[in-house]
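Report on the structure
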Amino acid sequence: RAKDEGGGIHCQYEPKLHIHAEERRTLEIALREALEKDQLHVVYQPVVNARTGACEGFETLVRWTHPEMGAISPAKFIPVAEDARLIAPIGEWVLRTACQEAMHWPSDIRVAVNVSAEQLHNHQFVACVISALAQSGLPAHRLELEVTESVFMREGTVATQVLDQLLGLGIRLSLDDFGTGYSSLGYLSRTKFTTIKIDRSFVVNAAKNVPEALAIVRAVVALADSLGMATTAEGVETEAEVDMVNALGCTKIQGYFFGRPMPAEEARQLFRRTGGISAVA
Ligand code: C2E
Ligand code: MG
Ligand code: MG
Ligand code: MG
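Just so it is clear, the model here is predicted, and its values are computed rather than measured.

About the thresholds
Each chain has its residues counted from 1, following the order in which its sequence is written. Whichever chain is written first becomes A and whichever ligand is written first becomes 1, with later ones labelled in order. Only residues with pLDDT of at least 70 get local features here, since the model is predicted, and only at 80 or more are side-chain atom pairs given and counted; chain-wide, interface and lining totals rely on the full set of residues. To get the side-chain values, all heavy atoms of the structure are used, and hydrogens and water are removed first. Keep in mind that water is not among the atoms, so a site may look incomplete; donors are the N, O and S atoms within 2.8 Å of the metal, or 3.2 Å for Na, K and Ca. Put simply, DSSP marks the helices as runs of H or I at least four residues long and the strands as runs of E at least two long, and each gets a number from the N terminus on. Exposure is judged per residue with a 1.4 Å probe applied to protein chains only, and the accessible area is read against the type maximum: over 50% gives exposed, under 20% gives buried, and values in between give partly exposed. We place a 1 Å grid over just the protein atoms. Points where a 1.4 Å probe fits but has no way out form a cavity, open points with protein on both sides within 12 Å along at least 5 of 7 lines form a pocket, and any residue with an atom within 4 Å of a point lines it. Grid points are joined across faces, edges and corners, and a volume is the space filled by probe spheres set on the points. Just so you know the grouping, Ala, Val, Leu, Ile, Met, Phe, Trp, Tyr, Cys and Pro go in nonpolar, Asp, Glu, Lys and Arg go in charged, and all remaining residues, Gly too, go in polar. Residues belong to one nonpolar core when they are buried, are Ala, Val, Leu, Ile, Met, Phe, Trp, Tyr or Cys, and are joined through side-chain atoms within 4.5 Å. Whether two residues are in contact is decided by their heavy atoms, any of which lying within 4.5 Å being enough. Axis definition: a line fitted to C-alpha atoms, over the contacting stretch in the case of helices. Angles run 0 to 180 degrees between N-to-C directions. The cut-offs work like this: below 35 degrees is roughly parallel, past 145 is roughly antiparallel, 65 to 115 is roughly perpendicular, and the gaps in between are oblique. Rotating anticlockwise by less than a right angle from the far helix to the near helix defines a left-handed crossing, while the corresponding clockwise rotation defines a right-handed one. Any residue with a non-hydrogen atom lying within 4 Å of a molecule or strand is treated as near it. Side-chain atoms alone can form a polar contact between residues adjacent in sequence; in general such a contact is a pair of N or O atoms within 3.5 Å, and within protein one must be able to donate a hydrogen while the other accepts it. Note on areas: Shrake-Rupley, 1.4 Å probe, and residue coverage restricted to the protein chains presented here. A helix's residues, less one, multiplied by 1.5 Å, set its expected span. Note that the arc is computed from the directions linking the helix axis to the C-beta atoms.

Taken together, the protein donors to the magnesium ion (ligand 3) comprise Asp176 (OD), Asp177 (OD) and Glu234 (OE), at separations of 1.7 to 2.4 Å. Mapping the donors of the magnesium ion (ligand 3) onto the primary sequence gives the spacing D-D-x56-E. Between the magnesium ion (ligand 3) and the magnesium ion (ligand 2), a separation of 3.6 Å is found, and both are coordinated by Asp176. Taken together, the residues Asp177 in strand E6 (residues 172-178) and Glu234 in the loop between strand E8 (230-233) and helix H11 (239-247) connect sequence positions 57 residues apart. Taking the relative accessible area as the measure of exposure, Glu234 reaches 10% and is therefore buried.

Now the structure itself:
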């Protein structure tokens, strides 16, 4: 978004895919239709306690399979949705779906939902969250909203006010993809995040013993600790990466090693099979 606003703001670290205007237009039309025809669905990826391996919650990830084009990555269509003003209705649908689904899980299991900066620059989002909680019956403390650093890059105070109102409801906030955006640490003291999510790129390089990546993960964990925040290592795929992020003191782990994003039914089965899972791998 910063790109659109000019003003010498660069976002070279933002992993946005650059797609051509024509493809963007095609996707926008198809996405509008998908929303009307209920062609989106969500999957849930386990987040586990780093020490015990116990599942503590799931992150909700949206999926779109187009009848002709096939599966389209959210990394590709979410930016299109943001530009086409479709992110509010999509985000609301994901939020309501996730809150309802979490009611089928044990009461100590949380659900995380990604929220675009776009959504947080609108006061109506708070009403949307209140309504999703009320309709589903999910207690606020079981809902976690994931935001990225980009939310702090825009002019105005709407987003920080909205974040404060959300915290006032008792929901949790996590800072997603930490270290890949415009890292300014000011907002860490401004907004009370529960968790800092350390991007997979740092996890990969730390496990390869790249000194800079090790130093960064160590520093982020220390920073989070001293601010009373938890840390989640994202995209952990191998045992070596598990060992590394554990040694560095991350408190939670998410990644293919413990579980891929899965359909709702499969997530429910995890609890049925073991009656309170201790490890999902
Ligand atoms: P994210 O929030 O950082 O989500 C984590 C991404 O990493 C997901 O990709 C997930 O499938 C992937 N991942 C998880 N474990 C591993 C692993 O071990 N290895 C690797 N290589 N990847 C792993 P996905 O589902 O493609 O989502 C991409 C991004 O799209 C998300 O990044 C998030 O920013 C955005 N997104 C997804 N769903 C939503 C949504 O409902 N709303 C909004 N606003 N954004 C969403
Ligand atoms: Mg996320
Ligand atoms: Mg992330
Ligand atoms: Mg990420």
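Okay, back to it.
Right, let's get into the coordination of the magnesium ion (ligand 2). Octahedral metal centres with six donors ideally show angles of 90 or 180 degrees, and tetrahedral centres with four donors ideally show 109.5 degrees. The protein atoms that coordinate the magnesium ion (ligand 2) are Glu59 (OE), Asn114 (OD1), Glu146 (OE) and Asp176 (OD), at distances of 2.0 to 2.2 Å. Along the chain, the residues donating to the magnesium ion (ligand 2) fall in the pattern E-x54-N-x31-E-x29-D.

Right, let's get into the layout of surface pockets. Over the atoms rolls a probe the size of a water molecule, and in doing so it shows where empty space is left. Size it by volume and the second largest pocket reaches roughly 320 Å³. Considering the residues around the second largest pocket, the lining is formed by 14 residues, among which Ile87, Ala88, Glu118, Gln119 and Asn122 are closest to the centre. Considering only residue class, the lining of the second largest pocket consists of 4 nonpolar, 3 polar and 7 charged.

In the structure shown here, the tally under the stated rule is 1 cavity of 30 Å³ or more. Estimated volume of the largest cavity: approximately 130 Å³. Taken together, the elements giving at least two residues each to the lining of the largest cavity come down to strand E2 (55-66), strand E4 (110-114), strand E5 (143-148), strand E7 (195-198) and strand E9 (252-254).

One finds Leu120, Leu143 and Leu145 to be the most contacted residues of the largest nonpolar core, which totals 84 residues. With 7 residues, helix H4 (residues 87-102) is the largest single contributor of residues to this core. If sequence neighbours within four positions are ignored, Leu145 has contacts with Leu95, Val113, Val115, Phe125, Val129, Leu166, Ile171, Arg172, Leu173 and Ser174.

For the pair helix H9 (residues 200-207) and helix H10 (residues 211-226), interaxial distance at closest approach is 7 Å and the crossing angle is 125°. The angle between the axes of H9 and H10 places the two elements in the oblique class. Crossing of H9 over H10 shows left-handed handedness. Where H9 abuts H10, its residues Phe202, Asn205 and Ala206 lie against Ala213, Leu214, Ile216 and Val217. A breakdown of the residues in the contact of H9 with H10 according to their chemical character gives 6 nonpolar, 1 polar and no charged.

Let us now look at the site of ligand 1. As a structural note, the neighbourhood of ligand 1 is formed by 21 residues, with Arg63, Asn114, Asp176, Glu237 and Tyr256 the closest of them. Contact between ligand 1 and Ser116: a nitrogen atom at 2.9 Å from a side-chain N or O atom of the residue. Between ligand 1 and the protein, one listed contact pairs an oxygen atom with a side-chain N or O atom of Asp176 at 2.9 Å. Protein coverage of the free-state accessible area of ligand 1, which is 810 Å², stands at 81%. The set of elements that each furnish at least two residues to the shell around ligand 1 consists of E2, helix H3 (74-83) and E6. Examining the composition of the shell around ligand 1, we find that 4 residues originate from one element, E2, more than from any other.

Along H9, the residues that are buried comprise Phe202, Val203, Val204 and Ala206. Among the structural elements, E6, E7, H10, E8 and H11 are those in contact with the buried residues of H9. Just beyond H9, the residue with positive phi is Asn209, at close to 60°.

For the rest of this paragraph, the subject is H10. If you check H10, its first and last C-alpha atoms are 22 Å apart, about what 16 residues at 1.5 Å a residue would give, namely 22 Å. For H10, every residue scored as buried is listed here: Ala213, Leu214, Val217, Val220, Val221 and Ala224. With its buried residues spanning 135° around the axis, H10 presents them on a single face. The exposed set on the far side of H10, more than 90 degrees from its buried face, consists of Pro211, Glu212 and Ser226. Buried-residue contacts for H10 involve E6, E7, H9, E8 and H11. Immediately beyond the C-terminal end of H10, within one or two residues, lies Gly228, with a positive phi of roughly 75°.

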